[in-house]
Amino acid sequence: EGMALPQRILFPLEDICMDWQKRQRPGTGLCNLGNTCYINVILQCLTYTPPLANYLLSRDHSQLCDRQSFCMMCIMEAHVRKVLCSSANVIWPRAVVRDLKFIGEEFEPDMAGDAYEFLRCALEAMQRTCLSGSSDVDISSQTSTIIHQIFGGFLKSRVICLRCQSVSDSYKAFLHVLLDIKAPSSLTKALENFVTPKKLDGKYCLKCSKCEKKVTASKRVTVHRVPKVFTVCLERAADHTGRKISKIVEYPEYLDLRPYMSDTDGEPLLYSLYALVVHSGDTCLDGHFFCYTKASNGQWYKMDDESVDNCGIHAVLRQQAYLLFYAR
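What counts and what doesn't
- Residues numbered from 1 in each chain as written.
- Predicted model: local features only at pLDDT ≥ 70, side-chain atom pairs only at ≥ 80, totals over all residues.
- Heavy atoms only, no water.
- Helix = DSSP H or I, 4+ residues; strand = E, 2+ residues; numbered from the N terminus.
- Buried < 20%, exposed > 50% of the residue type's maximum accessible area, 1.4 Å probe, protein only.
- Core = buried A, V, L, I, M, F, W, Y, C linked by side-chain atoms within 4.5 Å.
- Contact = heavy atoms within 4.5 Å.
- Pairing = 2+ DSSP bridges.
- Axes fitted to C-alpha atoms, helices over the stretch in contact; angles between N-to-C directions.
- Phe/Tyr/Trp six-rings, centres within 6.5 Å; stacked < 30°, edge-to-face > 60°.
- Lys NZ or Arg CZ within 6 Å of the ring centre and 35° of its normal.
- Parallel < 35°, antiparallel > 145°, perpendicular 65-115°, else oblique.
- Left-handed = near helix turned anticlockwise from the far one by under 90°.
- Nonpolar A, V, L, I, M, F, W, Y, C, P; charged D, E, K, R; others polar.

1. Section: unusual backbone geometry
The phi torsion of most residues other than glycine is negative, and most of the peptide bonds are trans.
Piece 1. We note that N35 has phi near 60°; this positive angle belongs to a residue other than glycine.
Piece 2. For N35, the position within the fold is in the loop between β1 (29-30) and α1 (37-47).
Piece 3. Residue N35 is classed as partly exposed on the basis of its relative accessible area, which comes to 42%.
Piece 4. With a phi angle near 65°, R59 is a residue other than glycine that sits in the positive phi range.

Written as structure tokens, this is what we have:
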């Protein structure tokens with residue numbers, strides 16, 4: 001519907017396994033190599049993303065990879081295998097820190113960074129790896145990599161001209177969603193706000209192709225196709241100064257995405273929380289990151305650099321969450 005079909009499927013959707021292949025206690029913690037807590041939390045959340053971990057543990061990527069230089073998928077495969085399969089007391093994520101500049105130009109060793117930015121860049125680096133050697137792949141086919149098949153969905157943007165009522169639809173792929181929490185007190189309220197139509201007037205006026213001039217319009221963004229893993233950032237930066245929105249925003253253990261879809265009719269689209277990142281600190285420019293993840297044994301653990309401690313769901317749901325990871 002309005003979206004071009006991929007000419008090639010780079011990774012079949014049916015090959016993705018959402019359930020852990022093996023149930024075990026969690027792996028070890030990660031050493032902080034100097035202001036690397038923002039890296040450690042994302043590595044841990046990705047390690048405990050079941051479909052990604054299953055794929056990386058299968059070694060399907062490295063067996064076919066012929067890249068001699070930086071490869072984010074090879075780095076992640078080696079890291080996940082080390083965390084989940086070795087008996088080490090602590091893992092040193094040296095390969096990630098060594099290749100930081102290839103993951104994102106804004107990152108530098110020994111300098112603090114933002115966990116959301118690192119997640120965004122890490123997923124994009126893995127996506128680039130999946131597309132290497134496929135320069136002739138059309139835009140739609142690029143959203144059929146293993147990364148997009150796990151984390152990717154589509155947003156639909158519907159613009160209605162308030163003068164002639166003409167409707168224009170466009171679609172955009174996403175790997176994560178950024179939500180405004182200045183007013184909302186819960187994740188569901190923030191999602192409701194996200195899909196509420198916004199009026200475009202004044203300097204935000206759009207040119208209507210039928211009226212052939214700038215007009216006041218209504219724009220509504222909805223989730224058009226859901227991902228296997230729904231990743232949300234609760235935007236805690238109040239403004240460009242780094243002031244932080246420190247309020248608690250409630251989030252459920254189980255989330256239904258159906259009310260936020262382009263088509264709200266049909267069965268519930270249920271997701272289960274399996275990881276979250278917390279930022280502690282007075283401003284967004286300093287502080288510390290730690291995370292909570294659900295291991296393959298079904299138990300929750302607080303992961304704070306080297307320490308990995310068992311905890312209950314009640315502690316998990318009381319946090320000042322920054323990033324939330326939900327699996328279908």
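2. A few points about the nonpolar core
Piece 1. F118, V277 and L323 are the most contacted members of the largest nonpolar core, which totals 61 residues.
Piece 2. A per-element tally of this core places helix α7 (residues 115-131) first, with nine residues.
Piece 3. If near-sequence neighbours (up to four positions away) are discounted, V277 is found in contact with V41, I42, C45, A115, F289, F290, C291, A321, Y322, L323 and F325.

3. Some words on the side chain of D99
Piece 1. On the secondary structure map, D99 appears in the loop between α5 (94-98) and α6 (100-103).
Piece 2. Here D99 is in contact with F70 and I75, once residues within four sequence places are set aside.

4. Let's talk about the sheet that holds strand β4 (residues 167-174)
Piece 1. The antiparallel open sheet is built from four strands, whose spatial order is β4-β3-β9-β6. The open sheet terminates on both sides in strands that have one partner only, identified here as β4 and β6 (198-200). Averaged over all pairs of adjacent strands, the angle between strand axes in this sheet comes to 30°, irrespective of strand direction.
Piece 2. For strand β3 (residues 153-161) and β4, the ladder comprises eight bridges, and the chain directions are antiparallel. Counted as the bridge partner of V159 is S168 from β4.

5. Notes on the packing of aromatic side chains
Piece 1. Per the counting criterion, the structure on display carries nine aromatic pairs.
Piece 2. Each ring, one from F107 and one from F118, has its centre 5.6 Å from the other, and the planes form 65°; the classification is edge-to-face. Highlighted residues: F107 in the loop between α6 and α7 and F118 in helix α7, separated in sequence by eleven residues. Of the two residues, F107 and F118, both sit in the buried class.
Piece 3. Centre to centre, the rings of F290 and Y292 are 6.0 Å apart; their planes meet at 65°, and the pair counts as edge-to-face.
Piece 4. Owing to a relative accessible area of 10%, F290 belongs among the buried residues under this scheme.
Piece 5. Directly above the ring of F290 sits K302, whose terminal nitrogen or CZ lies 4.7 Å from the centroid.

6. So, the pairing of β3
Piece 1. Most of β3 sits out of view: seven of its nine residues are buried.
Piece 2. The hairpin turn running from β3 into β4, its antiparallel successor, is five residues long, and Q165 in that turn takes a positive phi close to 70°.

7. What about the packing of α1 against α7?
Piece 1. Running from N to C, α1 and α7 point in directions that differ by 55°, and their axes come no closer than 9 Å. For the element pair α1 / α7, the angle class is oblique. Considering how the two elements wind past one another, α1 and α7 form a crossing that is right-handed. On α7, the residues that touch Y38, I39, V41, I42 and L46 of α1 are A115, F118, L119, L123 and M126.
Piece 2. For the contact of α1 with α7, the per-class residue count stands at ten nonpolar, no polar and no charged.

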